[in-house]
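Coordinate analysis (summary)
Single-letter residue listing:
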Amino acid sequence: MKMLHYKDYYGTVNISEEDNVLYGKVIGIKGLLSYEGETVEELKQDFHNVVDEYIADCKRNNIKLQVFIKVRLMCVSLQNCIRI
């Protein structure tokens, strides 16, 4: 799955063939932050706008920012995982 990344936030990329639109949501935070666009560039711009608005709203309301932590693990067995 392709992902967008901006200021420590990640977002999904989905296609609605029915509506002929690209859309996604910011992952790793409580709540729903969604974005869309008819082109990849519009999708990226709306994603950036949503993240910037989220950060501004949190600062304005003195709310701690939530950030998705992307962790990669390599597992040889279920008992033997290491962070890479």
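Residues numbered from 1 in each chain as written. Predicted model: local features only at pLDDT ≥ 70, side-chain atom pairs only at ≥ 80, totals over all residues. Heavy atoms only, no water.

**Describing the pattern of salt bridges**
Filter applied, for reference: Between Lys or Arg on one side and Asp or Glu on the other, a salt bridge is scored when a side-chain nitrogen of the former is within 4 Å of a carboxyl oxygen of the latter. Helix numbering and strand numbering both begin at the N terminus, where a helix is a DSSP run of H or I of at least 4 residues and a strand a DSSP run of E of at least 2. The buried label applies to any residue whose accessible area, calculated with a 1.4 Å probe on protein chains only, is under 20% of its type's maximum; exposed applies above 50%, and partly exposed to all values in between.
All chains considered together, the criterion is met by 2 salt bridges. For Lys7, the salt bridge goes to Asp52, with nearest N and O atoms at 2.8 Å. Within this pair, whereas Lys7 is found in the loop between strand 1 (3–6) and strand 2 (9–12), its partner Asp52 is found in helix 1 (residues 40–60), the two being separated by 45 residues in sequence. The exposure class of Lys7 is partly exposed, given its relative accessible area of 46%. The salt bridge partner of Arg60 is Asp57, with a shortest N-O separation of 2.1 Å. Here the residue Arg60 and the residue Asp57 both occupy positions in helix 1, the gap between them amounting to 3 residues, near one helical turn. Overall, Asp57 belongs to the partly exposed group, its relative accessible area being 34%.

**What to know about the pairing of strand 5 (residues 34–37)**
This is how the line gets drawn: Two strands pair under a simple rule: DSSP has to find at least two bridges between them.
Residues Tyr35 and Gly37 point to one face of strand 5 and are all buried, whereas Ser34 and Glu36, pointing to the other face, are not buried. Pairing of strand 4 (residues 21–27) with strand 5, which is carried by 4 bridges, proceeds in the antiparallel orientation. By the bridge assignment, Tyr23 is partnered in strand 5 with Glu36. Remark: 6 residues form the turn of the hairpin made by strand 4 and strand 5, two consecutive strands paired antiparallel; Gly28 in that turn has positive phi of roughly 85°.

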